[in-house]
Amino acid sequence: MPETLSVRIAEVCKTIEADLSRPWRTATLAQQAGMAQHHFQRVFANVTGETVAGYIRSRRLERAALALRDTSDRIIDIALATGFQTHAALTRAFTAHFGQSPRAFRETGLPPDRQGLPPRPYLRPLSSRTLMANCDLVELPDQWMCWRKTRGVQDGRFFPDLEATRLHFQTLRSELAGRDAQLATAFPEGPKGYNDPNATALYGALVPDRFDLDWSPNWRAFPGGLFAVFPHFGPFVTLHLTWHRCVRAGFDQLGVGFRTSWMFETYLSPRAHAPDTELSALIYLPVQKSTFGKAQATRPS
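Quick notes on the rules
Residues numbered from 1 in each chain as written. Predicted model: local features only at pLDDT ≥ 70, side-chain atom pairs only at ≥ 80, totals over all residues. Heavy atoms only, no water. Helix = DSSP H or I, 4+ residues; strand = E, 2+ residues; numbered from the N terminus. Rg over C-alpha atoms; globule rule 2.2 N^0.38 Å. Contact = heavy atoms within 4.5 Å. Areas by Shrake-Rupley, 256 points an atom, 1.4 Å probe, with all protein chains shown as cover. Lys, Arg positive; Asp, Glu negative; His and termini not counted. Charge placed at Lys NZ, Arg CZ, Asp CG, Glu CD. Expected span 1.5 Å × (residues − 1). Buried < 20%, exposed > 50% of the residue type's maximum accessible area, 1.4 Å probe, protein only. Core = buried A, V, L, I, M, F, W, Y, C linked by side-chain atoms within 4.5 Å. Axes fitted to C-alpha atoms, helices over the stretch in contact; angles between N-to-C directions. Parallel < 35°, antiparallel > 145°, perpendicular 65-115°, else oblique. Nonpolar A, V, L, I, M, F, W, Y, C, P; charged D, E, K, R; others polar.

The helix and strand tally for the protein stands at 10 helices and 10 strands. For 301 residues, the compact-globule estimate of 2.2 N^0.38 gives 19 Å, and the protein sits close to it at 20 Å. Taken along the three principal axes of its C-alpha coordinates, the protein extends 60 × 45 × 35 Å. In the protein, the proportion of contacts linking residues at least 24 apart, taken out of those at least 6 apart, comes to 75%. When the accessible surface of the protein is summed, it comes to about 15,000 Å², and 51% of that surface belongs to carbon and sulfur atoms. One way to put it: in the protein the 35 positive side-chain charges average out to a point 6 Å from where the 28 negative ones average out.

Spelled out as structure tokens, the structure:
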């Protein structure tokens, strides 16, 4: 099956994440993706929600913040391990990004108003008018979920074996025939990093009311509320990049704030390898209105 452009970007992100200390050049990454450099930069921004340089810088600084928090390593050693050539280079970039120096961060931590969404408080939302993620605001009713559990994120993905996952959902879809249901995966919180062996997710079906289902005896209630709904186009192997774009979107520009509740994704396409032009999934992030926002408020039909 031909590789889509978004899959190529996912492979580039995997390469970057494997060695954040390396002085990556856009030309080298574009070559890996098999694209002209200008085209690669445009596709990368469309898929991830930020520029190549911005993605690398934010991930390096997130890793530097974790090292400052969790280790007693010297700042110069942390700088070298995260792709900065000097103590001063890390200090300049860190201060510009987080609003405080590495030394001050190590002493006092990052104030809540400068943090990103849990459990990755150092992957801060972007404030960019050119790389915003489009979404709708939707009021959802209370629902039930029949679920199985999966554990572990590898290369940004909860389901490394898409064929096995497809068969699980195929069995469930057959049993749900004729019912009002959506195939979905739900998360109590996101993974703590690009690779997180302890991250958990529930996958199955969301339905209005609970009923007997052979696929699994496990059920849980899902509270309704206001959700920001983001579209995902293309294959499921790149869903994690759309998640990245969603959580990096500046919610303040939409006039909403994140609220603590389950996040989930629903699947619209039966094809795991949908083309980049096909709307294949929707991502739901729980939010609350803070000011008059730009996102459109709708109700599900």
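Next comes the rest of the account.
Across its 14 residues, helix α1 (residues 5-18) extends 20 Å between first and last C-alpha, which sits within 8% of the 20 Å expected from 1.5 Å per residue. When α1 is considered as a whole, its buried residues turn out to be S6, V7, I9, A10, V12, C13, I16 and E17. Where α1 is buried, its residues touch α2 (26-33), α3 (37-48), α4 (52-70) and α9 (239-248).

This paragraph deals with the nonpolar core. L172, L213, F230, Y267 and L285 are the most contacted members of the largest nonpolar core, which totals 41 residues. Sort the elements by how many residues they give to this core and strand β4 (residues 196-207) lands first, with five residues. Residues V12, C13, I16 and Y194 belong to the second largest nonpolar core, which totals 20 residues.

As a further point, take the packing of α4 against helix α6 (residues 87-98). Contact geometry of α4 with α6 gives a least axis separation of 11 Å together with a crossing angle of 100 degrees. Accordingly, the angle class assigned to the pair α4 and α6 is roughly perpendicular. Of the residues in α6, those in contact with S58, L61, A64, A65 and L68 of α4 are L90, A93, F94, H97 and F98. The residue inventory of the contact of α4 with α6, partitioned by class, reads eight nonpolar, two polar and no charged.

Bringing the environment of A281 into the picture now. Position of A281 relative to the elements: it lies in strand β9 (residues 279-289). We classify A281 as buried; its relative accessible area is 0%. Counting along the chain gives 196 residues from A281 to Q85, while the straight-line C-alpha distance between them is 41 Å. Filtering out sequence-adjacent residues up to four positions away, A281 remains in contact with F230, P231, H232, F236, L239, T266, Y267 and L268.

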